[in-house]
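Survey of secondary and tertiary structure
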Amino acid sequence: MSDSPTSTETLVLLLTQHQEPLFRYIFSLVPREADARDILQETSLALYRKFTEYDPARPFLPWAYRFAYLQVQKHREKSARSPLLFSEDVMDLLASERSHIEPRLDERLRLLDACLQKLTAQDQELITSRYAMRQSAEEMMSRFSLTRRTLFRNLELLRQRLHECVTHQLQAEGLP
């Protein structure tokens, strides 16, 4: 039995490793999360079909972004009547800008994770409930025994603290 992975295994490993940035890229180009998730699946299929053309000497993510961009365009063609779609020029600009700022976004996410760890367990749970689990305000008000006003005030204060923490860390590390 060979120890080297098959091309399918290699693709699965690459997709698993790069799924989050690929999803963020797609979601930056379409207005609805559900559409972005569908496009991510279509992109994965397209990558599977064309994986024999991938050059492993080159970075995977930029190659995958091109497929994602094409899948976003296909989605736009199917949804041409939707009033929430960006014009093609705006979408091209967003895609271009996204590829330029990707390293900075990754750095900010790393710092955000570190800043989240500095919060109390209850504050971490509040942030996770709202932004990772996407709980509604009503669910959170019940779960945390908070009024709507207090919930949103607490979330706003936590967002400010996290923003200040990330900004401070960026400055401390000399990053833009």
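About the criteria used
Residues numbered from 1 in each chain as written. Predicted model: local features only at pLDDT ≥ 70, side-chain atom pairs only at ≥ 80, totals over all residues. Heavy atoms only, no water. Helix = DSSP H or I, 4+ residues; strand = E, 2+ residues; numbered from the N terminus. Buried < 20%, exposed > 50% of the residue type's maximum accessible area, 1.4 Å probe, protein only. Axes fitted to C-alpha atoms, helices over the stretch in contact; angles between N-to-C directions. Parallel < 35°, antiparallel > 145°, perpendicular 65-115°, else oblique. Left-handed = near helix turned anticlockwise from the far one by under 90°. Contact = heavy atoms within 4.5 Å. Nonpolar A, V, L, I, M, F, W, Y, C, P; charged D, E, K, R; others polar. Core = buried A, V, L, I, M, F, W, Y, C linked by side-chain atoms within 4.5 Å. Expected span 1.5 Å × (residues − 1). Arc of directions from axis to C-beta.

1. Points about the overall build of the chain
Helix and strand counts for the chain stand at 7 helices and 0 strands. Traced from its N-terminal end to its C-terminal end, the chain shows the element sequence α-α-α-α-α-α-α. Taking the principal axes of the C-alpha coordinates as reference, the chain spans close to 55 × 45 × 35 Å. The buried share of the chain, reckoned over its 176 residues, is 34%.

2. Focus: the packing of helix α3 (residues 60-78) against helix α4 (residues 88-117)
Where α3 contacts α4, the axes come no closer than 12 Å and their chain directions differ by 160 degrees. One way to sum up the angle between α3 and α4 is to call them roughly antiparallel. Where α3 crosses over α4, the handedness of that crossing is right-handed. Two secondary-structure elements touch here, α3 through Tyr 65, Tyr 69, Val 72, Gln 73 and Arg 76 and α4 through Glu 88, Met 91, Asp 92, Ala 95 and Glu 102. Of the residues in the contact of α3 with α4, the class split is 5 nonpolar, 1 polar and 4 charged.

3. What to know about the nonpolar core
Core analysis: the largest hydrophobic core is formed by 27 residues, its most contacted members being Leu 22, Tyr 25, Ile 26, Leu 47 and Phe 60. Setting aside its immediate chain neighbours within four residues, Tyr 25 contacts Tyr 65, Ala 68, Tyr 69, Ala 95 and Arg 98.

4. Things to note about helix α2 (residues 33-50)
For an α-helix the count is 3.6 residues per turn, leaving residues at separations of three or four pointing the same way. A rise of 1.5 Å per residue sets the reference length of α2, with its 18 residues, at 26 Å; its end C-alpha atoms lie 25 Å apart and thus fit the reference within 8%. Within α2, the full set of buried residues consists of Asp 35, Ala 36, Ile 39, Leu 40, Thr 43, Ala 46 and Leu 47. Seen along its axis, α2 keeps its buried residues to an arc of 140 degrees; they face one direction. Seen from the buried face of α2, the exposed residues on the opposite side, beyond 90 degrees, are Ala 34, Gln 41, Tyr 48 and Arg 49. Contact partners of the buried residues in α2: α1 (7-27) and α3.

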